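Architecture and fold: a report
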Amino acid sequence: MTSSKSISQLTLADAATAIRERKFSSLDLTKACLAQIEKLNPKLNAFITVMSESALATATKADDEIRSGSYRGPLHGIPIGLKDLVDTAGVRTTCGSAVFADRVPDEDAEIVRRLKAAGAVLIGKQNMQEFAYGGTSAASHFGPVRNPWDLTRIPGGSSGGSAAAVATGMCFASIGTDTGGSVRQPASYCGVVGLKPTYGRISTRGVFPLSWSLDHVGPLCRTVTDTALMIEAIAGYDPLDPTTVDWPVEEYSKALRSIAKFRCAVVRSPYFEDLDLDVATAVENALLVIGNLGNEIREIELPFFPTTVQAPEVYAIHEQTLLRSPELFQRWVRERLVQAEKISTTEYVNGRRELERVRREVEAVFEHVDVLLTPTVSVPPIEVAEALEMSPPVAGEVWLRNTRPFNAYGLPTISIPCGLTSNGLPIGLQIAGPRFQEAKVLAFAYAFEQATEWHKLTPPIREGIQ
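Anyway, here's the lowdown on the structure attached to this text.

About the cut-offs
- Residues numbered from 1 in each chain as written.
- Predicted model: local features only at pLDDT ≥ 70, side-chain atom pairs only at ≥ 80, totals over all residues.
- Heavy atoms only, no water.
- Phe/Tyr/Trp six-rings, centres within 6.5 Å; stacked < 30°, edge-to-face > 60°.
- Helix = DSSP H or I, 4+ residues; strand = E, 2+ residues; numbered from the N terminus.
- Buried < 20%, exposed > 50% of the residue type's maximum accessible area, 1.4 Å probe, protein only.
- Lys NZ or Arg CZ within 6 Å of the ring centre and 35° of its normal.
- Arc of directions from axis to C-beta.
- Contact = heavy atoms within 4.5 Å.

Focus on the packing of aromatic side chains
Following the criterion strictly, the structure yields ten aromatic pairs and no others. When the ring of F100 is compared with that of F131, the centres are 5.5 Å apart and the planes differ by 75°; the resulting orientation is edge-to-face. In this pair, F100 is assigned in the loop between β2 (79-83) and α5 (110-117) and F131 in the loop between β3 (121-126) and α6 (160-167), connecting sequence segments 31 residues apart. Across the pair, F131 and F100 agree in class, each one buried. Above the plane of the ring of F272 lies R268, whose end atom (NZ or CZ) is 4.4 Å from the centre. When the ring centre of Y199 is taken as origin, the NZ or CZ atom of R359, which lies over that ring, is 4.4 Å away.

This is the structure we're talking about:
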């Protein structure tokens, strides 16, 4: 009999194979994840709402369907978590804020509808930085999320709960959002894979916005293969979402071995500047691996990107609530909103126009290269206590410096594990590619993953050490 511990350590792809081959059931998977949540969530605070009853019911239904020959695909019966700004009909969706502490949507977000259609088991709503406005996941009405590799440190944000949950076997994948790095940075800090797809690749309808021009929805998973399976299920045109683009969805999981050699571009400035020594060592070692695989490596620079778009859009979303009930916001978010109010209409309009220009200009980079390479984050995670005390701005949140530009560019960008610091904290490698070329980005990430062992490491809390 397979133990709950070993089940929760499976990759999504392996779990899907085991379900299809009837080695164990969706109910087995779901009970194993719920056991991990019961054991670890008191320490990590990764979930705000655990959907135990509905998850068990969905798993039972999935098992019945699979036994009857109605297998829907690799997500059928797989427990998946949702960042708590993704609307779920009849289930509280809080955005980590007192503003929405009791908010219960009437409709599912489009990505929830697609996950349900794929047969996924939605296991719960995950803790996050309030309204996704920051990179620590410490400023939440429901308390800070903690890093499973070191409980004193942040897991990154704003999708911190989602990354911590995937890293510790509380679910097999999660849905996060990424406006300045909020999928990739927590993926790096928690030692998992995080993909920000092309802007417009995945619908954001029913996902509470942070910045309409920069918001992306993306999966957090344990492996690149799992990531490919997730994006296959949730990507695609949504005619009711004006940001989505009618572009064909590929079979990304089948494309992972489609390219043998890549033309790689290392972007040194500013992405390699002021790096923590351990980060610098890990990324340079990763570049050696990439070169040894026979890939071409050169260095390039990327165009300047505007920085005056996000804050005015965030303020526009929250203005009325801030004026009416400022006390409902966490201090970090409240102070950032007050700062955002000072940005003029002229600055915003010019920044928005520049954003459109740079998204076109950056495409020229890929005339001679296939992928761009940088460290995901330049520094290791800070302590939760420090995050709770700090006030914005914190040097532009240095831990989001390397991720933010790719939201402006709108390019598909992934973070994958590439090393550990001297005190055992994960380090991520960031890989970007041309618009709507997720298959190429995933194929390169897969090649690196298969040449290394970093993705096989698990955090100490998962093994009961902390």
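Regarding helix α11 (residues 331-340)
Every buried residue belonging to α11 is among W332, V333, R336, L337 and A340, and all of these are buried. For α11, the angular spread of the buried residues around the axis is 130°, confining them to a single face. On its buried side, α11 packs onto α10 (310-324) and α14 (404-409).

Section: unusual backbone geometry
Among all residues save glycine, negative phi is the norm, and among peptide bonds the norm is trans. Cis peptide bonds are those with omega within 30 degrees of zero, and the linkage from G157 to S158 qualifies with 10°. Looking at the secondary structure, you find S158 in the loop between β3 and α6. Here S269 and P270 are connected by a cis peptide whose omega angle stands at -5°. Relative to the helices and strands, P270 is located in the loop between β7 (263-267) and α9 (277-292). The backbone of N45 sits at a positive phi, close to 60°, despite the residue not being glycine. Relative to the assigned elements, N45 resides in the loop between α3 (26-44) and β1 (47-50). One non-glycine residue with positive phi stands out, namely F131, at about 50°.

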